[in-house]
Amino acid sequence: MFEFTKVSDECIKCGKCIPTCTIHQISPDEVTSPRGFIELLGDYQKGELELDKTAKDIFESCFLCTNCVDVCPNSLPTDMVIEEVRADIAKKFGIAWYKRAFFWLLRNRWAMDLFNKLGYVFHSCALKKEERGRGLLAKFDLPMIKKDRLLPSMKSVSFLNKYKERLNSGDKPKVAIFIGCLANYNYTEIGDSLVQILQELDYEIFIPKKQLCCGAPAYFTGDFDTVEYLTKKNIEYFESFIDKVEAIIIPEATCSAMIKHDWEVFFENRKMPEWRDRAARLNQKIFMATEWLYNHTELPKLLEQKGKKLPQSVTYHDACHARKVQGIWAEPRALLKKSYELREMEDPNRCCGFGGVTIQTEKFHLAQAAGKPKAAMIERSGADIVAAECSACRVQISNSLYQNGVDTIFKNPVELIAEALKEN
Ligand code: SF4
Ligand code: SF4
């Protein structure tokens, strides 16, 4: 068992974390608060709390948003200890069949490609133009497929299958793209835009075809066998080309935080120092896309010289895994400001309420409750577009906007930057 008391003994019970907690804002009870979770985990380790269905329900209600970590005077990693106890929950209660099926697809790229193709055809036939969980899909009792819920559509060809492995080759600096599953299969415009920007900057682009999922969905659900499989495969693969590229860039906050932060934590907690160190070595060359584009390329200058001033206004949502886990918030704003009017929403740091696979399926009512205030503050900002470098936020915010009747559209900042660089 993970040593939960190491964390619970350090909690000074100050309560600073409580007002910031996403689940506590929805369910204002001490047991559904960071301080409460930590206390219960200490009791669990001491044998004073049984991991029964009630405890499972409590620990699965955390959104893993890291708001609590950000404000805690002792920086206690509540999200990480919740991830650890979810592995114990998975061992005791098993993992629902549709989650296991999904994680199996994540481990097998060929099968996910096939699923995507079938999904594209099926979705097109069953749902026509609407991106809603209706029609034939609704006949399958899958928790993701709820009536009147906005879901991202599948693309006929994934990003990784659309492009050659090397683009814009020549005697140029080279950069690799790690795309993330949602941008690979659903929001392929993000990868297209990143390719366009890198070509404008005259980089050789390497698209590593054997990349697998970063492991985040399985990590947040407690399927640690899948996490170990995916991380090790990816580490071995990245090591085969890391010396030949300047950077591996990722236009996705969750994937980038998983790779830069959680891979090391995962191996440290499993007492696998060799793999932890291998992950740490790769880290120096792994960046979230806007961070790298702003700090390491001529993109800011290029936008000033060549970028269009566009009439739309943008409000920027700070994805939890960008601002709180990686400290990235200024760079995307600085890039967007060159071409768009920026209108800050009241609390850009407030979690959108995505929460992971379990909250998006079995506990979707919590995602809806957390999404409503976010949709309202986006509407009040008066912006035409809401931007965040995270496709999990995109799934959640797009649905919250739709369900709350807000017209604002969602874009990844990479798409908006590419738009500003496009020839008329
Ligand atoms: S990670 Fe977020 S939802 Fe979970 S305890 Fe911390 S603040 Fe609350
Ligand atoms: S802020 Fe940190 S130390 Fe204070 S109650 Fe919350 S978890 Fe405990």
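See the structure above.
The structure contained in this document is the topic of the report that follows. (Residues numbered from 1 in each chain as written. Chains lettered and ligands numbered in written order. Predicted model: local features only at pLDDT ≥ 70, side-chain atom pairs only at ≥ 80, totals over all residues.)

1. So, the overall build of the chain
Inference 1: A count of helices and strands for the chain gives 23 helices and nine strands.
Inference 2: For 424 residues, the compact-globule estimate of 2.2 N^0.38 gives 22 Å, and the C-alpha radius of gyration of the chain, at 21 Å, lies within 12% of that figure.
Inference 3: Principal-axis analysis of the C-alpha atoms places the extent of the chain at approximately 65 × 50 × 45 Å.
Inference 4: Split into buried and exposed, the 424 residues of the chain put 47% on the buried side.
Inference 5: Residue pairs at least 24 apart in sequence account for 78% of intrachain contacts in the chain once pairs closer than 6 positions are excluded. (Helix = DSSP H or I, 4+ residues; strand = E, 2+ residues; numbered from the N terminus. Rg over C-alpha atoms; globule rule 2.2 N^0.38 Å. Buried ≥ 20, exposed ≤ 12 C-beta atoms within 10 Å, placed from the backbone. Contact = placed C-beta atoms within 7 Å.)

2. Let's talk about the environment of isoleucine 235
Inference 1: On the secondary structure map, isoleucine 235 appears in helix α13 (residues 224–239).
Inference 2: Using a count of 18 C-beta atoms within 10 Å as the deciding quantity, one classes isoleucine 235 as partly exposed.
Inference 3: The spatial distance from the C-alpha of isoleucine 235 to the C-alpha of arginine 278 is 7.3 Å, given a sequence separation of 43 residues.

3. Considering the nonpolar core
Side chains of nonpolar character tend, in soluble globular proteins, to be buried together.
Inference 1: Counting 123 residues, the largest nonpolar core has Ile248 and Ile249 as its most contacted members.
Inference 2: When we break this core down by domain, the ones giving at least three residues each are domain 1 (4–93) and domain 2 (306–421).
Inference 3: Beyond its immediate chain neighbours, meaning those up to four positions away, isoleucine 249 contacts Val175, Ile177, Phe287, Ala289 and Trp292. (Core = buried A, V, L, I, M, F, W, Y, C linked by C-beta atoms within 7 Å. Domains from an automatic or database assignment.)

4. Examining the pairing of strand β4 (residues 247–250)
Inference 1: The side-chain alternation of β4 yields two buried faces, one formed by Ala247 and Ile249 and the other by Ile248 and Ile250.
Inference 2: Relative to β4, strand β2 (residues 174–177) runs parallel, the two sharing three bridges. Counterpart to isoleucine 177 in the pairing with β4 is isoleucine 249.
Inference 3: Here three bridges tie β4 to strand β5 (residues 286–288), and the two strands are oriented parallel to one another. Looking across to β5, one finds that isoleucine 249 is bridged to phenylalanine 287. (Pairing = 2+ DSSP bridges.)

5. Side note on the site of ligand 1
Inference 1: Around ligand 1, a shell composed of 15 residues is seen, among which Cys21, Cys62, Cys65, Asn67 and Cys68 lie nearest.
Inference 2: Only α2 (22–26), α3 (34–45), α5 (67–71) and α6 (78–93) provide two or more residues apiece to the shell around ligand 1.
Inference 3: Residues belonging to the shell around ligand 1 are distributed by class as follows: nine nonpolar, five polar and one charged. (Near = placed C-beta within 6 Å. Nonpolar A, V, L, I, M, F, W, Y, C, P; charged D, E, K, R; others polar.)

6. Focus: the sheet that holds strand β8 (residues 385–387)
Strand pairing in a sheet takes place through backbone hydrogen bonds and is either antiparallel or parallel in direction.
Inference 1: The strand order across the open sheet built from four strands is β7-β6-β8-β9, with neighbouring strands paired in parallel fashion. Both outer strands of the open sheet, β7 (341–342) and β9 (409–411), are each paired with one neighbouring strand and no more.
Inference 2: In the packing of helix α19 (residues 330–337) onto the sheet, the strands contacted are β6 (313–316), β7 and β8, and the crossing angle to β6 comes to about 180°.
Inference 3: Sitting on the sheet, helix α23 (residues 413–421) touches β6, β8 and β9, and the angle it makes with β8 is about 120°. (Axes fitted to C-alpha atoms, helices over the stretch in contact; angles between N-to-C directions.)

7. Examining the pairing of β6
Inference 1: Where β6 lies against β7, two bridges are found, and the strand directions are parallel. Residue pairing for β7: serine 313 is matched across the bridge by glutamate 341.
Inference 2: The sheet contact formed by β6 and β8 spans three bridges and is parallel. Within β8, the residue paired with valine 314 across the bridge is isoleucine 385.

8. Here's the deal with the sheet that holds strand β1 (residues 166–167)
Inference 1: Spatially, β1-β3-β2-β4-β5 is the arrangement adopted by the five strands of the open sheet, whose pairing is mixed. The sheet is open, and its two edges are formed by β1 and β5, each paired on a single side.
Inference 2: Taken together, the three bridges between β2 and strand β3 (residues 204–206) define a ladder with parallel strand orientation. Across the sheet, valine 175 pairs through a bridge with isoleucine 205, a residue of β3.
Inference 3: The strands touched by helix α11 (residues 188–200) are β1, β2 and β3; relative to β2, the strand with the most contacts, the crossing angle is about 175°.

Limitation: the analysis is restricted to geometry and does not speak to function.
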